[in-house]
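One letter stands for each residue in the lines below.
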Amino acid sequence: MEGEVVLLDFWPSMFGMRTRIALAEKQIKYEYREEDLRNKSALLLQMNPVHKKIPVLIHNGKPICESLIQVQYIDEVWNDRAPLLPPNPYQRATARFWADFVDKKIYDLGGKLWRTKGEEQEAAKKELIECLKLLEGQLGDNPYFGGKDFGFLDVALVPFYCWFYTYEKFGRFSIEAECPKLIAWAKRCMQKESVAKSLADQEKIYDFVLHLKKALGIE
Amino acid sequence: MASGEVKVLGTWASQFAMRPRIALNIKSVDYEFIEEKNLLEEKSQLLLQSNPVHKKVPVLFHGDNKPICESLIIVQYIDETWSSGPPILPSDPYDRATARFWAAYLDDKWYPAVKSLGIAEGEEAKKTAMAQVEEGVALMEEAFGKCSKGKGFFGGDEIGFLDIAFGSFLGWLRVVEKFNGAKLIDEAKTPGLADWAERFCSHAAVKDVMPDADKLAEFAMIVVAKIKGLGLAAQSL
């Protein structure tokens, strides 16, 4: 069942972190290969010719692209342990809907916090807080988005936690002040080995963004 | 399995609203189609209440469950709920990942290019948008070859997830061809897709929900004019 598993990734990527967490949850041994995105490997370009992006999961030589698709693939192939999607179709639809919401909103809004200034940055901050509050509302009284157990939506969102520090520094606000339940949830997730080992250090992310801004010529 | 009435909130022209309807037809599930009358200018209370996050069609109502939104998520819900009917997602996990990949590509990359083409002003903008649309169709021709494995549909012998995801765009694709004097899917350039398109549109689960091409062209002109007139972003489509 295992076969050969390779992950082409880039250490600060929240998307790559999702796949790392899923692989760790299922205790799958794999080879991690760091990509230099300014100098993409021939393998990356061959395995993801359409988007040329990481992460790329390669299982027995065949590529699977797009992080949420990878997480579902991992869940379906290694279906004998640590299930990520619940068995009930309505709950699955709900998890997929909010994971899709995270994809549509959080990355771009968060990006605006460090890429832009003034009114544009303020508008992005406001919208990001609204989106995080909406997500926080989905937790209810449960420890995880998956309910009692860590699941698909937890995997989809928790990687952004290591980027919150960067968002807060540039946006001059506290996500914990706005969404205390969400931060409590994130810290709870960080107690899981699969999450703690997969997320990058938040200060390293901040340094990375500072360097990236200089390289991109953004003030 | 949850039981109860099934309703789909959508519009006759929406390619996204077509998708759950095709899926329900495949599963032989009866449903009520609720038409959203004035999507661009005045969304109904029902839509705003049932999809407060995105305010878009389609929305699926099933029994006592809260509404389900996002067409591809709805299609997967339908497949998983009426699991004894003909399968929509392939059974092999790698084939499932492939179908999901191309469906996401169509919605996230290709369809925005089609929309850009619709409202592009000037030769340069039209050329750029057209090139992207054509590139997407070429990729889908290749994907069809790989996914169909010599059979009639992306899903093999029967209509599947990717057939629904791509086939739902065929009406609008014909409108784009007409308005731009271009041939995107034809026997010469995309023989696989040309045959598949005919097969898809005449399928029992599809033919009653595929909008009439002329009606759609007329409607498209109204939509484009409104979008430009109201200064709306293409995102509103």
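Residues numbered from 1 in each chain as written. Chains lettered and ligands numbered in written order. Predicted model: local features only at pLDDT ≥ 70, side-chain atom pairs only at ≥ 80, totals over all residues. Heavy atoms only, no water.

## Description of the overall build of chain A
Phase 1 of the analysis: Within chain A one finds 11 helices and 4 strands.
Phase 2 of the analysis: Principal-axis analysis of the C-alpha atoms gives chain A an extent of 50 × 45 × 30 Å.
Phase 3 of the analysis: When burial is assessed residue by residue, chain A has 53% of its 219 residues classed as buried.
Phase 4 of the analysis: In chain A, the share of contacts with a sequence separation of at least 24, taken over all contacts with a separation of at least 6, comes to 70%.
Phase 5 of the analysis: For chain A, the accessible area works out to roughly 10400 Å², and carbon and sulfur atoms hold 50% of it.
Phase 6 of the analysis: Considering chain A, the positive charge centre built from 32 side chains and the negative charge centre built from 32 side chains are found 1 Å apart. (Helix = DSSP H or I, 4+ residues; strand = E, 2+ residues; numbered from the N terminus. Buried < 20%, exposed > 50% of the residue type's maximum accessible area, 1.4 Å probe, protein only. Contact = heavy atoms within 4.5 Å. Areas by Shrake-Rupley, 256 points an atom, 1.4 Å probe, with all protein chains shown as cover. Lys, Arg positive; Asp, Glu negative; His and termini not counted. Charge placed at Lys NZ, Arg CZ, Asp CG, Glu CD.)

## Considerations on a positive patch on the surface
Phase 1 of the analysis: A surface patch of like charges, here positive, comprises K40, K52 and K53 of chain A together with K109 of chain B.
Phase 2 of the analysis: Looking at the element boundaries, K40 of chain A is found in the loop between β2 (31–34) and α2 (42–47). (Patch = residues over 30% accessible without salt bridge, like charges linked within 9 Å, V, L, I, M, F, W, Y side chains within 5 Å. Salt bridge = Lys/Arg side-chain N within 4 Å of Asp/Glu carboxyl O.)

## A few points about the sheet that holds strand β1 (residues 6–10) of chain B
Residue and element names in this part refer to chain B.
Phase 1 of the analysis: Here 4 strands make up an open sheet; going across it, the order is β2-β1-β3-β4 and the pairing mixed. A strand with exactly one partner marks an edge of an open sheet, and here the two such strands are β2 (32–35) and β4 (68–69).
Phase 2 of the analysis: Two elements, β1 and strand β3 (residues 59–62), share 4 bridges in a ladder whose sense is antiparallel. Paired with V8 across the two strands is L60, which belongs to β3.
Phase 3 of the analysis: The strands touched by helix α1 (residues 15–26) are β1, β2 and β3; relative to β1, the strand with the most contacts, the crossing angle is about 155 degrees. (Pairing = 2+ DSSP bridges. Axes fitted to C-alpha atoms, helices over the stretch in contact; angles between N-to-C directions.)

## Thoughts on unusual backbone geometry
Phase 1 of the analysis: Between I54 of chain A and the following residue, P55 of chain A, the backbone shows a cis peptide bond with an omega angle of 0 degrees.
Phase 2 of the analysis: With respect to the helices and strands, the residue P55 of chain A is situated in the loop between α2 and β3 (56–59).
Phase 3 of the analysis: If you check the backbone angles, S28 of chain B has positive phi at about 55 degrees while not being a glycine.
Phase 4 of the analysis: By secondary structure assignment, the location of S28 of chain B is in the loop between α1 and β2.
Phase 5 of the analysis: Residue class for S28 of chain B comes out exposed when judged on its relative accessible area of 63%.
Phase 6 of the analysis: Within the chain, K149 of chain B stands out as a residue other than glycine whose phi angle is a positive 50 degrees.
Phase 7 of the analysis: Among the secondary structure elements, K149 of chain B is positioned in the loop between α5 (123–148) and α6 (161–167).

## As for the nonpolar core
Across soluble globular proteins, nonpolar side chains have a tendency to be buried as a group.
Phase 1 of the analysis: Membership of the largest hydrophobic core comes to 150 residues, with the highest contact counts inside it found for W163 and W185 of chain A together with W110, F154, F166 and W196 of chain B.
Phase 2 of the analysis: At 13 residues, the largest contribution of residues to this core is made by helix α4 (residues 93–119) of chain B.
Phase 3 of the analysis: In this structure, W196 of chain B is in contact with F144, G152, F153, F154, D163, F166, G167 and L170 of chain B, ignoring residues within four places of it in sequence.
Phase 4 of the analysis: Grouped together as the second largest cluster of nonpolar side chains are 6 residues, W172, V175, L216 and A220 of chain B included. (Core = buried A, V, L, I, M, F, W, Y, C linked by side-chain atoms within 4.5 Å.)

## Regarding the interface of chain A and chain B
Phase 1 of the analysis: In this complex, chain A contributes 24 residues to the contact, which on the side of chain B involves 23 residues.
Phase 2 of the analysis: Taken over both partners, the interface formed by chain A and chain B buries close to 2200 Å², and the fraction arising from carbon and sulfur atoms is 68%.
Phase 3 of the analysis: The largest contributions to the chain A side of the interface with chain B come from Y90, R96 and F97 of chain A, which together make up 27% of the buried area.
Phase 4 of the analysis: Remark: the boundary between chain A and chain B carries 5 salt bridges.
Phase 5 of the analysis: For the salt bridge of E76 of chain A with R100 of chain B, the shortest nitrogen-to-oxygen distance reads 3.0 Å.
Phase 6 of the analysis: Here chain A is connected to chain B by 7 residue pairs in polar contact (both at pLDDT 80 or more).
Phase 7 of the analysis: For the side of chain A that touches chain B, the elements supplying multiple residues, two or more each, are β4 (62–65), α3 (67–77) and α4 (89–115) of chain A.
Phase 8 of the analysis: Sort the elements by how many residues they give to the side of chain A that touches chain B and α4 of chain A lands first, with 10 residues.
Phase 9 of the analysis: Here the side of chain A that touches chain B is composed, by residue class, of 14 nonpolar, 2 polar and 8 charged. (Buried area = accessible area lost by both parts, 1.4 Å probe. Polar contact = N/O pair within 3.5 Å; in protein donor to acceptor, adjacent residues only side chain to side chain. Nonpolar A, V, L, I, M, F, W, Y, C, P; charged D, E, K, R; others polar.)

## Quick look at the pairing of strand β1 (residues 5–9) of chain A
All names here are of chain A.
Phase 1 of the analysis: Most of β1 is tucked away: 5 of the 5 residues are buried.
Phase 2 of the analysis: Side chains V5, L7 and D9 of β1 all project onto a buried face; the interleaved residues V6 and L8 project onto the opposite face, where all are buried too.
Phase 3 of the analysis: As paired strands, β1 and β3 are joined by 4 bridges and run antiparallel to one another. If you follow V5 over to β3, its bridge partner there is H59.
Phase 4 of the analysis: The pairing of β1 with β2 spans 4 bridges and is classified as parallel. Along β2, the bridge assignment pairs L8 with R33.
Phase 5 of the analysis: At this point the chain moves from β1, through helix α1 (residues 14–25), to the parallel β2, and the crossover so formed is right-handed. (Right-handed = clockwise from strand over helix to strand, strands pointing away.)

## Description of the sheet that holds β2 of chain A
Residues and elements named next belong to chain A.
Phase 1 of the analysis: Strand order in the open sheet formed by 4 strands is β2-β1-β3-β4, and the pairing between neighbours is mixed. Looking along the sheet, the strands with just one partner apiece sit at the ends: β2 and β4. Direction aside, the axes of adjacent strands within the sheet are offset by 20 degrees on average.
Phase 2 of the analysis: Packing against the sheet, α1 makes contact with β1, β2 and β3, and its axis sits at approximately 155 degrees to β1.

## Quick look at the packing of aromatic side chains
To describe a pair of aromatic rings, one takes the distance between the centres and the angle between the planes.
All names here are of chain A.
Phase 1 of the analysis: One pass over the full model with this rule turns up 28 aromatic pairs over all chains.
Phase 2 of the analysis: Aromatic pair F10 and F208: ring centres 5.6 Å apart, planes at 70 degrees, arrangement edge-to-face. Of this pair, F10 sits in the loop between β1 and α1 while F208 sits in helix α11 (residues 202–216), and the two are 198 residues apart along the sequence. Taken as a pair, F10 and F208 share a single burial class, namely buried. (Phe/Tyr/Trp six-rings, centres within 6.5 Å; stacked < 30°, edge-to-face > 60°.)

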